[in-house]
Amino acid sequence: MKNSYVITILFSLLIILSACGNGENQEVENSEETPEVEETSQDEMSDDMEDDHSMEEGHGHNMSSDGEVPDGLQPAEKPAYKEGDQVIIEAEHAEGHDPLMKGAEATVTGAFDTTAYAVSFTPTTGGDPVTNHKWVIHEELGNAKNAPLAEGTEVTLAADHMEGMDGAEATIDMAEQTTVYMVDFTTVNGEQEVTNHKWVTENELRAPE
């Protein structure tokens, strides 16, 4: 009788041990089959966000404007192109946007006689200096005297064509007494509608063929 009990107990232990072994093997197999998910660190996420933000900012150039005319700026008496005229832009001065601007069809929204300046300055927001920026007009200079100002004159900018421009100290690189235009246009890639772009000069526009 004792032998029967012993055999029964041993048989039960074998069944239990066998079941435990199968469970452990199953866990190992599941662990091997489950693919590892690569975790993205907080630093990597921050870097990606910074990269995206930098791409959005570009050169910080505001191609559109509210169309507000600076105090003292007078409409042109005999402009080559009048308000509403269709023109082709030949300008090559909008930082980071030339490929999107040159060759675009535009509509004149304003024509004004003034002195246009190319200027160099360091943005008030920091970053690399901007050189030979075209154009800032005489009425957009905070401490301007009689126009035209000579090359090398130190001025304070009162324009917001670019981030960090308003209030920046600048140097006059060149001056051109001319008619400047505000224009509406669609970038040559068709992706952006630009309104009241400031400024293009008369020799940077041509009539459509």
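Sequence order sets the numbering: in each chain, residues are counted from 1 along the sequence as written. Under the rules for a predicted model, residues below a pLDDT of 70 receive no local features and side-chain atom pairs below 80 are neither given nor counted, while totals for whole chains, interfaces and linings still include all residues. Here the side-chain values reflect all heavy atoms present in the structure, with hydrogen atoms and water set aside.

Chemist: Looking at this structure, how should I read the overall build of the protein chain?
Modeler: Helical segments are the DSSP runs of H or I of at least four residues, strand segments are the runs of E of at least two, and each set is numbered from the N terminus. Counting its regular elements, the protein chain contains three helices and eight strands. Only protein chains enter the accessibility calculation, which uses a 1.4 Å probe; a residue is then buried when its area is under 20% of its type maximum, exposed when over 50%, and partly exposed in between. Sorting the 209 residues of the protein chain into buried and exposed places 34% on the buried side. Roughly 13300 Å² of accessible area belongs to the protein chain as shown, and the carbon and sulfur atoms make up 48% of that amount. Here, Shrake-Rupley sampling with a 1.4 Å probe gives the accessible areas, and only protein chains in the shown set may cover a residue.

Chemist: Before we go on, may I ask you to explain the environment of Glu90 in this structure?
Modeler: If you trace the backbone, Glu90 turns up in the loop between strand E2 (86-89) and helix H3 (98-101). For Glu90, a relative accessible area of 31% corresponds to the partly exposed category. C-alpha of Glu90 to C-alpha of Glu204: the two residues are 114 residues apart in sequence and 4.9 Å apart in space. Sequence-distant contacts of Glu90, that is, excluding residues within four places in its chain, are made with Lys102, Glu204 and Arg206. Here a polar contact is recorded for every N or O atom pair within 3.5 Å, except that within protein the pair must consist of a potential hydrogen donor and a potential acceptor, and residues adjacent in sequence are included only if both atoms are side-chain atoms. Within the structure, the side chain of Glu90 is placed 2.5 Å from the side chain of Arg206, a separation counted as a polar contact. Should any heavy atoms of two residues lie within 4.5 Å, those residues are counted as being in contact.

Chemist: Honestly, the side chain of Glu204 in this entry has me stumped. Any pointers?
Modeler: Among the structural elements, Glu204 can be located in the loop between strand E7 (193-201) and strand E8 (205-206). The positive count covers Lys and Arg only, the negative count covers Asp and Glu only, and His and the chain ends enter neither. A side-chain nitrogen of Lys or Arg and a carboxyl oxygen of Asp or Glu constitute a salt bridge if their distance falls within 4 Å. As a buried residue without a salt bridge, Glu204 has its nearest oppositely charged side chain in Lys134, at a separation of 5.4 Å.

Chemist: I would appreciate a short explanation of the packing of aromatic side chains in the present structure.
Modeler: Aromatic ring pairs: the centre-centre distance and the angle between the two ring planes describe each pair. Stacked, tilted and edge-to-face pairs are distinguished by plane angle, under 30 degrees for stacked and over 60 for edge-to-face with tilted covering the rest, among Phe, Tyr and Trp rings (Trp via its six-membered ring) whose centres lie within 6.5 Å. Counting across every chain of the model gives two aromatic pairs. With a centroid separation of 5.9 Å and an interplanar angle of 65 degrees, the aromatic rings of Tyr81 and Tyr181 are classed as edge-to-face. One end of the pair, Tyr81, is in the loop between strand E1 (74-75) and E2; the other, Tyr181, is in strand E6 (residues 169-186), and 100 residues separate them in sequence. When sorted by exposure, Tyr81 lands in the same class as Tyr181, which is buried. An angle of 80 degrees between the planes, with centres 6.0 Å apart, marks the rings of Phe112 and Trp199 as edge-to-face. Residue Phe112 is located in strand E3 (residues 105-121), and its partner Trp199 is located in strand E7; the two are separated by 87 residues in the primary sequence. Side by side, Phe112 and Trp199 carry an identical accessibility label, which is buried.

Chemist: Looking at this model, I keep getting lost on a negative patch on the surface. Mind explaining?
Modeler: A cluster of acidic residues, Asp66, Glu68, Asp71, Asp160 and Asp166, forms a negative patch on the protein surface. You can see Asp66 is positioned in the loop between helix H2 (42-57) and E1. Patch members must show over 30% relative accessible area and no salt bridge, and they are joined within 9 Å when carrying like charges or within 5 Å when they are nonpolar side chains of Val, Leu, Ile, Met, Phe, Trp or Tyr. Taken as the charge location is NZ of Lys, CZ of Arg, CG of Asp or CD of Glu.

Chemist: Mind showing me how you'd approach unusual backbone geometry here?
Modeler: Backbone geometry follows two general trends: most residues other than glycine have a negative phi, and most peptide bonds adopt the trans configuration. Backbone torsion omega between Lys134 and Trp135 reads -5 degrees, so that peptide bond is classified as cis. Turning to its location among the elements, Trp135 is positioned in strand E4 (residues 130-137). A cis amide bond links Lys198 to the next residue, Trp199, at an omega of -10 degrees. Its identity as a non-glycine residue notwithstanding, Asn196 has a phi of 50 degrees, on the positive side. The topology assignment puts Asn196 in strand E7.

Chemist: Just checking my understanding: could you explain the pairing of E2 for this structure?
Modeler: What makes two strands pair is DSSP finding at least two bridges between them. When E2 meets E3, the two strands line up antiparallel, connected through three bridges. Considered in E3, the bridge of Gln86 is made with Thr107. Alignment of E2 against E8, held across two bridges, turns out to be antiparallel. Note on E8: the bridge partner recorded for Ile88 is Arg206.

Purely geometric stuff here, so don't read any function into it on its own.
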